[in-house]
Amino acid sequence: MANLEGQAALITGAGSGIGRGTAVRLARDGADICIAEIDLDGAEETASMVREFGREAHVVRCNVASIDQVQEAADQCVEQLGRLDIAVANAGIGRGGSVLEMPLKDWQDQVDINLTGVFLTVQAASQRMVAQGEGGRIVCLSSLAALTTGEAFWGYSATKAGVAMLVRGWAQDLGRHGITVNAIGPGVIDTPLAHGLAGDNGGPIRASLEERTPAGRAGAPSDIAGLIAFLVGPDAEFMSGSYIVMDGGLRDAGPLVGTDMSDPANAERMRHVQTSEERNARLQPLIDQR
Ligand SMILES: NC(=O)c1ccc[n+]([C@@H]2O[C@H](COP(=O)([O-])OP(=O)(O)OC[C@H]3O[C@@H](n4cnc5c(N)ncnc54)[C@H](O)[C@@H]3O)[C@@H](O)[C@H]2O)c1
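These numbers were taken from a predicted model, which means no experiment stands behind them.

Engineer: Just checking my understanding: could you explain the overall build of the protein for this structure?
Structural biologist: When helices and strands are counted, the protein shows 10 helices and seven strands. In the protein, of all internal contacts separated by at least 6 residues, the share reaching a separation of at least 24 is 74%.

Engineer: I would appreciate a short explanation of the sheet that holds strand E3 (residues 57-61) in the present structure.
Structural biologist: Sheet strands pair by backbone hydrogen bonding; their relative direction is either parallel or antiparallel. Overall, parallel pairing links the seven strands, which are arranged E3-E2-E1-E4-E5-E6-E7 in an open sheet. Whereas interior strands pair on both sides, the edge strands pair on one side only; in this sheet they are E3 and strand E7 (243-246). The mean inter-strand angle of the sheet, taken between neighbouring strand axes irrespective of direction, is 20 degrees.

Engineer: Please explain the nonpolar core as it appears in this structure.
Structural biologist: One recurring pattern in soluble globular proteins is that nonpolar side chains are buried together. Grouped together as the largest cluster of nonpolar side chains are 80 residues, with contacts concentrated most on Leu10, Ile33, Cys34 and Ile35. By residue number, the principal contributor to this core is helix H5 (residues 154-175), which donates eight residues. Among all residues touching Ile35, those that are not within four sequence positions of it are Ile11, Ala14, Gly15, Ala23, Ala43, Thr46, Ala47, Ala57 and Val59.

Engineer: Which parts of the structure should I look at to understand the environment of Leu10?
Structural biologist: Relative to the helices and strands, Leu10 resides in strand E1 (residues 8-12). The exposure class of Leu10 is buried, given the 30 C-beta atoms found within 10 Å. Among all residues touching Leu10, those that are not within four sequence positions of it are Cys34, Ala36, Ala73, Ala74, Cys77, Leu84, Ala87 and Ala125.

Analysis parameters
Residues numbered from 1 in each chain as written. Predicted model: local features only at pLDDT ≥ 70, side-chain atom pairs only at ≥ 80, totals over all residues. Helix = DSSP H or I, 4+ residues; strand = E, 2+ residues; numbered from the N terminus. Contact = placed C-beta atoms within 7 Å. Pairing = 2+ DSSP bridges. Axes fitted to C-alpha atoms, helices over the stretch in contact; angles between N-to-C directions. Core = buried A, V, L, I, M, F, W, Y, C linked by C-beta atoms within 7 Å. Buried ≥ 20, exposed ≤ 12 C-beta atoms within 10 Å, placed from the backbone.

Right, here's the structure in full:
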């Protein structure tokens, strides 16, 4: 199904997880892909996967918290791929813990990437779409955590709830230019980001979430990529300003995360809510380069 033939997509954070799954899916559907990432190794791996479908892939080093780097990524998308029709504001991080102890830097990184990064990506992409004059499609990654939260997750939830509201305003703002903007609320998706919830250092939290997911499994990046493919494809022309949950039914299956924060081990574990310590040690210096 090559219904995106001739289109170019800018995807942030496509060096891993949902962003990578989306790059591969949109390439399968015919789009060329510009990968805007801080993790260049992951980005190059995704680019190779895209090229296996005979599509063009371009990698640009981009921290979504930097306006200059996001503007440069959008410019490179147009210069290298000739167009910018689709944007997926996917890059995101998780920082958790008790409000009593959260370092300002953790709060700020999360807001800078999950909220400001989405704003900068949508701004840069929509500016090029308007200049192109043929409309466009934008999808922003929110989370099921926009609807629910816990003693460790409140900051992440607040950024994701912000994204769900931003797309409603942007849908009105950009609709007259033929641009649709929607948000997705994934439940637990099997990516490195979610592994920290239990696999590597999160103990039983993720296992409990997966057990409670009525679908009987965690989601795969390809599940979310399929929804994104629908939202950027021809059947979703009339859809804008929506926040769509895709969670295997988890929303009504009990609290998203119940973490006993009085246990110091849990408090430390939740600090980098959703990533392993080793991965965080690799990504944090890249996040700090702006
Ligand atoms: N995995 C889940 O269960 C889940 C659930 C709900 C929402 N989400 C959201 O989906 C999105 C993708 O998550 P994922 O699970 O694929 O995570 P992931 O950690 O596997 O991938 C995120 C990618 O973003 C990149 N990135 C981080 N900070 C960046 C920055 N400042 N600039 C550019 N790139 C940056 C990382 O290098 C990484 O490659 C995130 O916004 C996340 O909050 C994930």
